[in-house]
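Listed below, chain by chain, are the residues.
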Amino acid sequence: MLIKNKSGIEIPSSEITPKHIYLNRRTFMKGAAVVTAAGLVAACRPAPPEGHPAAVATQAAQEAAVNIDPTTGAVATATPRVDELGDPWTPYRDVTNYNNYYEFTTDKNDVAKLAQDFQTSPWQVTVGGMVKNPGVYDIDDLRTKFDQEERVYRLRCVEAWSMVIPWMGFPLRKLLEEIEPTSEAKYVRFETLNDPEQMPGLRSPWYSWPYVEGLRIDEAMNDLAILATGLYGEALLPQNGAPVRLVVPWKYGFKSIKSIVKIDLVAEQPTSLWMDAASNEYGFYANVNPNVNHPRWSQANERRIGEIGRRDTLMFNGYEEQVAYLYEGMDLRANF
Ligand code: MTE
């Protein structure tokens, strides 16, 4: 995130390093079953042997967003896959190599490399606070207990770049319904793993770790808010927040907190890491809004990764119909 930290030092952003393959949803489901059985997550990705037709087709598919059959390698469609607005999915290699994950580094190019050995299994998420049914969920419980569905969402970073990403996951609402917040609970607070042994970026003194984010309960109950466990039909890679992350597509990307270990229902509005770092620049709501600029740059338009030129930013990132009711009567300039 292009942010002046507490010392006033500007942190640089970076470029894209292409790499990698992707598989389809069927492979994800198969892969997830193998993963569950083996007690492994990201390390266990089915891949055809070199020279196998599927391997050759996978290589071709890397360059163009097309469906391939993982067993035969047949190209199912040559038409690039698109979101509901007709915008193509951002290539897998960009989604998995252009990342913000400050616990590893502030350099988007280097997150994938630095996070490659990040241990995502075993993994547990502790869910509690003001709830009737607190609990500790193993990542495999989250995968099997809640039906995993595909959601193709635009991700709009506060830095004014964006992607279209096919996530796999389940509505956060389903988890909240199970744990039953009490009437005093007003917000959901999320926390990322805080392990300096594995996450070199945590040595940075400029942020108050762990990474924390929050949502109002009614926002969290909106069907668009999901806990994601995969993308492009494949289990999440560490750089994208494995093994489980939040995705709230109508808000700037920083709300979509990665590698969650704790979810608490609380009465007071949580202070996020970014609010703490620069409260004049990053508010609690962080709704995508082309009419309210960041103090240091315009939010009116954005650079879609993989495209030349810029495109207009849409109110609530194009999800106005689904989420505008949440903010009726609110001053969105004051509640930025
Ligand atoms: N979550 C944690 N724990 N740490 C981070 O640095 N960066 C946020 C968000 N979630 C971040 C995080 C920002 S600024 C963005 S834009 C998105 O993750 C980027 O997600 P991606 O790398 O999967 O595209």
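The residue count restarts for each chain, going from 1 along the sequence in the order it is written. Local features in this predicted model are restricted to residues whose pLDDT is 70 or higher, and side-chain atom pairs enter the listing and the counts only when it is 80 or higher, whereas totals over whole chains, interfaces and linings include all residues. With hydrogens and water stripped out, all remaining heavy atoms of the structure feed into the side-chain values.

> Whenever I open this one, the overall build of the protein confuses me. Can you help?
Strands are runs of DSSP state E lasting at least two residues, helices are runs of H or I lasting at least four, and both sets are numbered from the N terminus onward. Tallying secondary structure elements over the protein gives nine helices and 14 strands in all. Burial analysis of the protein (336 residues in total) assigns 54% to the buried set. Long-range contacts, defined as pairs at least 24 residues apart, comprise 70% of the intrachain contacts of the protein with a sequence gap of at least 6. We call a residue buried when its accessible area falls under 20% of the maximum for its residue type, exposed when it is over 50%, and partly exposed in between, using a 1.4 Å probe and counting protein chains only. Whether two residues are in contact is decided by their heavy atoms: any pair within 4.5 Å suffices.

> Mind showing me how you'd approach the side chain of arginine 151 here?
Among the secondary structure elements, arginine 151 is positioned in strand 5 (residues 149–156). What qualifies as a polar contact is a pair of N or O atoms within 3.5 Å, subject to a donor-acceptor requirement within protein and to the restriction that residues adjacent in sequence count only when both atoms come from side chains. From its side chain, arginine 151 meets the backbone oxygen of aspartate 223 in a polar contact 2.9 Å long. With sequence-adjacent residues up to four places away left out, arginine 151 is seen in contact with Ile165, Pro166, Trp167, Pro171, Asp223, Leu224 and Ile226.

> How should I be thinking about unusual backbone geometry in this particular structure?
Residues apart from glycine generally show negative phi values, whereas peptide bonds are mostly found in trans. Here the bond from tryptophan 209 into proline 210 is cis, since omega is 0 degrees, no more than 30 degrees from zero. Along the polypeptide, proline 210 turns up in the loop between strand 7 (187–192) and strand 8 (212–216). In this structure, the amide linkage connecting alanine 242 to the following residue, proline 243, adopts the cis form with an omega of 0 degrees. Checked against the element boundaries, proline 243 lands in the loop between strand 10 (234–235) and strand 11 (245–247). One non-glycine residue with positive phi stands out, namely glutamate 180, at about 55 degrees. Looking at the element boundaries, glutamate 180 is found in the loop between helix 6 (172–179) and strand 7. At asparagine 317, a residue that is not glycine, the phi angle is positive and equals roughly 60 degrees. Within the secondary structure layout, asparagine 317 lies in the loop between strand 14 (311–312) and helix 9 (320–323).

> How do you make sense of the sheet that holds strand 4 (residues 135–138) when you look at a structure like this?
As a general point, the strands of a sheet are linked pairwise by backbone hydrogen bonds and lie either parallel or antiparallel. With mixed pairing, the five strands of this open sheet are ordered in space as 4-3-12-7-8. Each edge of the sheet is formed by a strand with only one pairing partner; in this case those strands are strand 4 and strand 8. The sheet shows a mean angle of 20 degrees between the axes of neighbouring strands, direction not considered. The sheet contact formed by strand 3 (residues 124–129) and strand 4 spans four bridges and is antiparallel. What sits directly across from glutamine 124, in strand 4, is aspartate 138. One bridge is not enough; two strands pair if DSSP finds at least two bridges between them. Angles shown run from 0 to 180 degrees and are taken between the N-to-C directions of axes, each axis being a line fitted to C-alpha atoms and, for helices, limited to the stretch in contact.

> I keep staring at the environment of tyrosine 207 and nothing clicks. Help me out?
Residue position: tyrosine 207 is located in the loop between strand 7 and strand 8. Placed 69 residues apart in sequence, tyrosine 207 and aspartate 276 show a C-alpha to C-alpha distance of 7.9 Å.

> How should I be thinking about the site of the ligand in this particular structure?
Any residue with a non-hydrogen atom lying within 4 Å of a molecule or strand is treated as near it. Close to the ligand lie 17 residues; Tyr102, Glu103, Arg245, Ser256 and Lys258 are nearest. Between the ligand and arginine 245, the relevant distance is 2.6 Å, taken from an oxygen atom to a side-chain nitrogen or oxygen of the residue. Take serine 256: an N or O atom from its main chain is 2.9 Å from a nitrogen atom of the ligand. Residue polarity is assigned by list, with Asp, Glu, Lys and Arg as charged and Ala, Val, Leu, Ile, Met, Phe, Trp, Tyr, Cys and Pro as nonpolar; anything else, Gly included, falls into the polar class. Counted by class, the shell around the ligand contains eight nonpolar, six polar and three charged residues.

> Would you take a moment to explain the packing of aromatic side chains for this structure?
Geometry of an aromatic ring pair is reported as the spacing of the ring centres plus the angle between the planes. Any Phe, Tyr or Trp ring, taking Trp's six-membered ring, that has another such ring centre within 6.5 Å forms a pair; planes under 30 degrees apart are called stacked, those over 60 apart edge-to-face, and the others tilted. Applying the stated criterion across every chain, the model contains 18 aromatic pairs. Ring geometry for phenylalanine 118 and tryptophan 123: centres 5.8 Å apart, planes at 70 degrees, overall edge-to-face. Here tyrosine 153 and tyrosine 319 contribute two aromatic rings whose centre-to-centre distance is 5.9 Å and whose plane-to-plane angle is 80 degrees, an arrangement assigned as edge-to-face. On the criterion of sequence distance, the pair formed by tyrosine 153 in strand 5 and tyrosine 319 in the loop between strand 14 and helix 9 is long-range, its members being 166 residues apart. Across the pair, tyrosine 319 and tyrosine 153 agree in class, each one buried. Here the aromatic cluster, defined as three or more aromatic residues joined through ring pairs, consists of Tyr102, Tyr207, Trp209, Phe254, Trp274 and Tyr282. Our definition puts a charge over a ring when NZ of Lys or CZ of Arg is within 6 Å of the ring centre and also within 35 degrees of the ring normal. In this arrangement the basic side chain of lysine 108 is found over the ring face of tyrosine 98, its NZ or CZ atom lying 5.8 Å from the centre. In this structure, lysine 255 packs its charged tip against the face of phenylalanine 284, placed 4.3 Å from the ring centre.

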